[in-house]
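Given next are the chains, with one letter for each unit.
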Amino acid sequence: MAGSLTFDSSSAAFFGGVRAAFLSVFFLVLAGTYVGLGALAHDFGLSIFWLTLSTLLVWAAPAQVILISGIGTGAALIEVALAITLSAIRLFPMVVALLPLVRTRDTRLRDLILPTHFTSVSMWVESLRLLPMLAPERRAAFCNGLSVGYMGAAVGFGFVGYYLAAGLPPLLAATLLFLTPLSFLISTARNARMMMDRLALGLGLALGALLTILHVDFDLMWAGIGGGTLAYVVHRVREAAT
Amino acid sequence: MSAALSDLWPFLVLITVGFLPNEIWRVLGLVLARGLNEDSQVVMWSRAVATATLAGVIAKLLLFSSGSLAAIPLSVRLGAAAIGFVAFLVAKRSVFVGVAIGEVVLLAGGYLFAN
């Protein structure tokens with residue numbers, strides 16, 4: 001497959017990236033997620049401008065869900081910030097794994113700022129799949145095009161969800177809100193190829209539910225650190241055993 | 001709180017509580033990208049914590065739903081998520097099929113059992 005995506009110029013690579021975004025399965029996942037987020041933002045009385053800005057700046061659906069529901073339910077802001085930073089830890093290894101693919105010998109640090117900010121689950125998975133097929137000097141442009149395609153779709157579907165929620169009967173509005181947890185659950189399960197990831201997903205669900213029901217403070221933090229560490233330890237023990 | 005401040009408040013929260021705690025990990029990745037690879041132990045652990053945190057968010061959203069979704073009984077919400085998940089597994093891990101089936105079940109269950 002190497003070299004199967006060739007572009008004559010950086011702008012051709014950029015638009016090739018945009019096209020790849022619209023054709024990938026993550027386009028549908030983003031549609032579901034951001035229609036749901038739009039409905040959620042509307043429900044909690046935030047403006048569409050605020051939602052759009054949060055998509056451009058935060059660009060991570062889980063963090064945006066925590067932020068919007070945190071503001072909406074009047075949670076302690078320090079707890080919201082902690083939950084967001086915990087949900088964002090995953091971005092760190094993603095950036096670390098992505099940049100070596102995007103970088104060439106001539107790449108300046110500032111050329112990496114956009115790919116760094118654009119890093120999110122959807123963009124990362126598609127970049128790791130597609131970038132090796134491109135010539136190294138076209139990868140940054142392609143990666144930016146892919147991200148702009150995804151981000152544009154997210155902003156657009158945010159509008160759709162926001163204004164649909166305003167005029168929809170309650171049952172249909174509920175199905176829109178349901179898109180967020182449902183598409184998160186299923187796309188996370190799809191990305192969980194290793195046993196450790198599946199275990200982390202299962203433990204996080206169970207611990208998250210338990211701690212929420214018990215009204216434990218910082219429930220998300222404990223679910224994340226507890227469930228994640230346990231999954232990691234099990235993975236290490238199994239690895240050591242083989 | 002003055003009117004101007006209460007208008008700006010959500011944006012202030014967006015920057016300080018939403019943007020900065022999230023972006024810091026991307027910036028750290030940019031700064032520390034050298035020397036770490038995808039299989040290193042720190043990277044593996046943080047991936048597990050990230051996945052579990054996301055799962056916690058999902059559980060919370062399903063159990064303590066807000067807005068119109070709160071009017072759908074808990075059993076219908078959990079049942080729809082479970083059936084959607086099974087459909088995803090049966091349909092060779094198709095995200096689209098799983099989400100579509102889960103939504104149809106929620107719609108039907110909500111129609112029949114709405115509070």
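These numbers come from a predicted model, not from an experiment. (Residues numbered from 1 in each chain as written. Chains lettered and ligands numbered in written order. Predicted model: local features only at pLDDT ≥ 70, side-chain atom pairs only at ≥ 80, totals over all residues.)

(A) Representation of the overall build of chain B. In terms of regular secondary structure, chain B is built from four helices and zero strands. Its helices and strands in sequence order give chain B the pattern α-α-α-α, from N to C terminus. At 20 Å, chain B has a C-alpha radius of gyration far larger than the 13 Å of a compact globule built from 115 residues. The principal-axis extent of the C-alpha atoms belonging to chain B is close to 55 × 50 × 20 Å. Taken over 115 residues, chain B has a buried fraction of 43%. The long-range share in chain B, meaning contacts at least 24 apart out of those at least 6 apart in sequence, stands at 40%. (Helix = DSSP H or I, 4+ residues; strand = E, 2+ residues; numbered from the N terminus. Rg over C-alpha atoms; globule rule 2.2 N^0.38 Å. Buried ≥ 20, exposed ≤ 12 C-beta atoms within 10 Å, placed from the backbone. Contact = placed C-beta atoms within 7 Å.)

(B) View of the overall build of chain A. Broken down by element type, chain A carries 12 helices and zero strands. Ordered by position from the N terminus, the helices and strands of chain A form the series α-α-α-α-α-α-α-α-α-α-α-α. The C-alpha atoms of chain A give 19 Å as radius of gyration, which agrees with the globular expectation for 242 residues (18 Å, within 12%). The proportion of buried residues among the 242 residues of chain A is 53%.

(C) Focus on the interface of chain B and chain A. Across the boundary between the two partners, chain B contributes 65 residues, which contact 84 residues of chain A. Top element by residues in the side of chain B that touches chain A is helix 2 (residues 41-63) of chain B. It accounts for 21 residues. Partitioned by chemical class, the residues of the side of chain B that touches chain A number 44 nonpolar, 15 polar and six charged. (Nonpolar A, V, L, I, M, F, W, Y, C, P; charged D, E, K, R; others polar.)

(D) Here's a closer look at helix 3 (residues 48-57) of chain A. All names here are of chain A. Those residues of helix 3 lying buried are Leu51, Ser54 and Thr55. Across the axial projection of helix 3, the buried residues extend over an arc of 100 degrees, all falling on one side. Backbone geometry just after helix 3 places Trp59 at a positive phi near 50 degrees. (Arc of directions from axis to C-beta.)

(E) Focus on the confidence of the model for chain B. Residues and elements named next belong to chain B. Looking at chain B as a whole, its pLDDT mean stands at 87, while 90% of the residues score no less than 70. Of all secondary-structure elements in chain B, the lowest mean pLDDT belongs to helix 2, at 84, while helix 3 (residues 74-90) reaches the highest, 97. Here the predicted complex carries an ipTM of 0.84, next to a pTM of 0.76. (pLDDT = per-residue confidence, 0-100.)

(F) Seen up close, the environment of Ser75(B). All names here are of chain B. Structurally, Ser75 is set in helix 3. Its 10 C-beta neighbours within 10 Å are what place Ser75 among the exposed residues. The spatial distance from the C-alpha of Ser75 to the C-alpha of Ile58 is 15 Å, given a sequence separation of 17 residues.

(G) Fine view of the nonpolar core. Ranked by internal contacts, the top residues of the largest apolar core, which has 112 residues, are Leu67(A), Ile84(A), Ala200(A), Ala48(B) and Ile58(B). The dominant element in this core, judged by the number of residues it contributes, is helix 2 of chain B, at 13 residues. Domain assignment of the residues forming this core places at least three in each of domain 1 (10-176) and domain 2 (192-242) of chain A. (Core = buried A, V, L, I, M, F, W, Y, C linked by C-beta atoms within 7 Å. Domains from an automatic or database assignment.)

(H) Representation of the packing of helix 3 of chain A against helix 9 (residues 136-167) of chain A. Residue and element names in this part refer to chain A. Following both chains from N to C, one finds helix 3 and helix 9 inclined at 155 degrees, their axes separated by 10 Å at the closest point. The orientation of helix 3 with respect to helix 9, classified from their angle, is roughly antiparallel. Pair helix 3 / helix 9 crosses with right-handed handedness. Taken together, the residues of helix 9 that come into contact with helix 3 (itself represented by Ile48, Leu51, Thr52, Thr55 and Leu56) are Met151, Ala154, Val155, Gly158, Phe159 and Tyr162. Tallied by class, residues from the contact of helix 3 with helix 9 come to eight nonpolar, three polar and no charged. (Axes fitted to C-alpha atoms, helices over the stretch in contact; angles between N-to-C directions. Parallel < 35°, antiparallel > 145°, perpendicular 65-115°, else oblique. Left-handed = near helix turned anticlockwise from the far one by under 90°.)

(I) Layout of the packing of helix 2 (residues 25-43) of chain A against helix 4 (residues 61-73) of chain A. Residues and elements named next belong to chain A. Running from amino to carboxyl end, helix 2 crosses helix 4 at an angle of 15 degrees, the nearest separation of the two axes being 10 Å. By the angle between their directions, the pair helix 2 and helix 4 is classed as roughly parallel. The two elements helix 2 and helix 4 cross, and the hand of that crossing is left-handed. Along its contact with helix 2, which presents Thr33, Leu37, Leu40 and Ala41, the element helix 4 presents Ala61, Gln64, Val65, Ile68 and Ser69. When its residues are assigned to classes, the contact of helix 2 with helix 4 shows six nonpolar, three polar and no charged.

(J) Here's a closer look at the domain arrangement of chain A. Residues and elements named next belong to chain A. Assigned domains within chain A: domain 1 (10-176) and domain 2 (192-242). Put simply, the middle of domain 1 and the middle of domain 2, counted by C-alpha atoms, are 25 Å apart. Counting residues at the interface gives four residues for domain 1 and four residues for domain 2.

(K) Focus on helix 3 of chain B. Under the 1.5 Å per step criterion, the end-to-end length of helix 3 of chain B is 24 Å for 17 residues, consistent within 8% with the ideal 24 Å. Among all positions in helix 3 of chain B, only Val76(B), Arg77(B), Ala80(B), Ala81(B), Gly84(B) and Phe88(B) are buried. Down the axis, helix 3 of chain B shows its buried residues gathered within 130 degrees of arc, on one side only. The outward face of helix 3 of chain B, more than 90 degrees from its buried face, is lined by the exposed residues Leu74(B), Ser75(B) and Val90(B). On its buried face, helix 3 of chain B sits against helix 10 (170-191) of chain A together with helix 2 and helix 4 (95-113) of chain B. Looking one or two residues beyond helix 3 of chain B, the residue adopting positive phi is Lys92(B), at roughly 50 degrees. (Expected span 1.5 Å × (residues − 1).)

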